[in-house]
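Now for the letters of each chain:
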Amino acid sequence: MQPSQAAVDIAAGLLIEARGIRKSFGAVHALVGVDFSLALGEVLGLVGHNGAGKSTLMNVISGAIQRTEGKFIYSGQAVDRWGAAEAQAGGLRCIFQELSLCANLSATENARIIHRSLRGVGWRHKARRLITKALDDIFPGHGIDVDAKIADLSIGERQMVEIARAFTKTVDKVRCVILDEPTSALGHKPAEQLLAYIKTASMRGVACILITHRLNEILAVCDRVVVMMDGAIVGDRPAAGLTRSDLVGMMGNIETPHERNAVPTRKATQAPIVNHAGIDGADLPINAAPGDIIGFAGLDGHGQRERLRAIYAATRKVPVAFVAGDRGVEGVMPLWSIADNLTLRSLNALRKGGFVSPSAARALAQTWSQRLKVKAPSIDTPILSLSGGNQQKVLFARALASDGQVILLDDPMRGVDVGTKQEVYQLIRDEAERGRIFIWYTTEFEELKNCDRLYVFREGRAVAEVAGNEIDHNRILEASFGGADG
Ligand SMILES: Nc1ncnc2c1ncn2[C@@H]1O[C@H](COP(=O)(O)OP(=O)(O)OP(=O)(O)O)[C@@H](O)[C@H]1O
């Protein structure tokens, strides 16, 4: 077999070398002396639990924040001042978890922002061509209108534009792309397309750093895996030959496979509380009784989110809570603390004599932030200073701490680490045992295995119902694409 361009370049030299990097935010020591390197054309997977310091390290490397201490060498040159402009000029691009596109501009205009060379008469035409080509190369068949405002695109489409923009090149070359949870808002197909593209980009000599909690993605594309824990690098190994459980072990977790219980008989005796009719005869009614964990499956964007919202609006008899997937737009109150964000849905229940009881609110916030292991100095910490996965945990805690008997989940585990995910799955099962109903849309097939029953969506309708032991990948794919009874 011919060695790839990446393998040749890896032998030839390093693009990034960082030594003894430290970064503190006041009393929080996010990086405590990190040595990190990246070769030309290398695909490096960066993993670790929520709050381990992955994004902070990438922010230092991309020049978004300044290191407190340490040495940074880029392309053989030691650099003192390293900001976003220097990184861009050096061909280093970054796709952050919280997307950086201007919402009131189109994809075309957003492409222009990072390419100053696109100026003068005809810049719009050139920018449109540039971003369209990148989208077509990475996500063939994407269907995105590059002249529509970003605000009018779905979260998945926004993520695709952000990714495509990072790979566009004009006079500025692309040498390294940092992708922080790039697939967390993408459906299955675009996620696969991106992984394939990362491989081809690396063959052309573009290095990529992939941060993801989806470990199969790391195993699929990476040359090397680096593990972070508590602000330090604790593992660094070639990816070849590693298994998923090796990775989980390197992160200090042990994976316990979940054996699905047979659907408890008590459910047969309980009347459904959710009884939601479809839009027509081809759209199945959604039924859920106390204790049910119902999954919504199918290709992303086929009506699952709309149905969750419709169920939310129609559920009147019992309290209902919603965990949003697009936390930036729908979930997080950015200027508030963890405690205020967490108790927001419980203010009525916390009222004593007409006023919200501060001590009861704090006790509730403390309990649930501990149960979900939110990593922060205290519950008074501003939510925006938390890592992405920890922000998502707070949103989850908000719903579970509430009186919601029906909990609607819109892909809630985006960016949550593998250890916490297992604990949250257990929490969901425990809460279901206590009689809560979960209706759970997820883009991760593995998560669907936690459900008692699934509805598969296609073209805006729930077209198939799959119960218990029939839940398998092929069955879902068949229904998603219209085979068999789908
Ligand atoms: N601007 C900030 N102010 C205060 N603390 C911060 C800030 N940014 C990050 N931190 C803290 O630094 C630590 C590392 O966070 P970081 O975002 O790097 O983690 P991460 O490994 O990327 O986690 P995740 O997988 O959840 O995205 C966390 O404790 C976080 O709360």
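If you're wondering where the values come from, they're calculated on a predicted model, not measured in any experiment. (Residues numbered from 1 in each chain as written. Predicted model: local features only at pLDDT ≥ 70, side-chain atom pairs only at ≥ 80, totals over all residues. Heavy atoms only, no water.)

*Asks:* Can you explain the domain arrangement of the protein chain? Please cite residues and give values.
*Replies:* Here the protein chain is partitioned into domain 1 (5–250) and domain 2 (266–481). Each of domain 1 and domain 2 has a C-alpha centre, and these two points are 30 Å apart. Each partner contributes residues to the interface: domain 1 has 20 residues there, and domain 2 has 22 residues. For domain 1, the biggest contributors to the area lost against domain 2 are N50, I155 and H213; these three give 32% of the whole. Applying the counting rule to domain 1 against domain 2 returns four residue pairs in polar contact (both at pLDDT 80 or more). Elements with a contribution of two residues or more to the side of domain 1 that touches domain 2: α6 (155–166) and α9 (244–250). For the side of domain 1 that touches domain 2, a count of residues per class yields six nonpolar, eight polar and six charged. (Domains from an automatic or database assignment. Contact = heavy atoms within 4.5 Å. Buried area = accessible area lost by both parts, 1.4 Å probe. Polar contact = N/O pair within 3.5 Å; in protein donor to acceptor, adjacent residues only side chain to side chain. Helix = DSSP H or I, 4+ residues; strand = E, 2+ residues; numbered from the N terminus. Nonpolar A, V, L, I, M, F, W, Y, C, P; charged D, E, K, R; others polar.)

*Asks:* Break down the packing of helix α4 (residues 107–114) against helix α5 (residues 123–138) for me, with residues and values.
*Replies:* Two elements in contact, α4 and α5, have axes separated by 8 Å at closest approach and are oriented at 100°. Viewed along their axes, α4 and α5 adopt a mutual orientation that is roughly perpendicular. Between α4 and α5, the contacting residues are A107, T108, E109, A111 and R112 on the first element and W123, R124, A127, R128 and I131 on the second. Looking at the contact of α4 with α5 residue by residue, the class counts come to five nonpolar, one polar and four charged. (Axes fitted to C-alpha atoms, helices over the stretch in contact; angles between N-to-C directions. Parallel < 35°, antiparallel > 145°, perpendicular 65-115°, else oblique.)

*Asks:* Break down the pattern of salt bridges for me, with residues and values.
*Replies:* The final tally for this structure, using the stated rule, is 18 salt bridges. Residue E86 pairs with R81 through a salt bridge whose shortest N-O separation is 3.8 Å. Residue classification places R81 among the exposed residues on the basis of a relative accessible area of 54%. One salt-bridge network, in which partners are shared between bridges, spans E42, R224 and D236. (Salt bridge = Lys/Arg side-chain N within 4 Å of Asp/Glu carboxyl O. Buried < 20%, exposed > 50% of the residue type's maximum accessible area, 1.4 Å probe, protein only.)

*Asks:* Which residues make up the pairing of strand β6 (residues 92–95), and what values do they have?
*Replies:* Burial along β6 is two-sided: the face carrying L92 and C94 and the face carrying R93 and I95 are both buried. Relative to strand β7 (residues 176–180), β6 runs parallel, the two being bridged by four bridges. Bridge assignment links R93 to a residue of β7, and that residue is V177. (Pairing = 2+ DSSP bridges.)

*Asks:* Which residues make up the site of the ligand, and what values go with them?
*Replies:* Taken together, 20 residues surround the ligand, and among them G51, K54, S55, T56 and S387 come closest. One nitrogen or oxygen atom from the main chain of S385 is found 2.9 Å from an oxygen atom belonging to the ligand. Broken down by secondary-structure element, the contributors of at least two residues to the shell around the ligand are β2 (28–39), α2 (54–61) and α15 (388–401). No fewer than three residues from each of domain 1 (5–250) and domain 2 (266–481) sit in the shell around the ligand. (Near = heavy atom within 4 Å.)

*Asks:* If you had to explain the environment of V227 to someone new, which residues and values would you point to?
*Replies:* As for its position among the elements, V227 is in strand β9 (residues 224–229). Here V227 falls in the buried class, since its relative accessible area comes to 0%. Residues V227 and G281, spaced 54 residues apart in sequence, show a C-alpha to C-alpha distance of 50 Å. Setting aside chain neighbours within four positions, we find V227 in contact with V47, A232, I233, V234, G235, M250 and M251.

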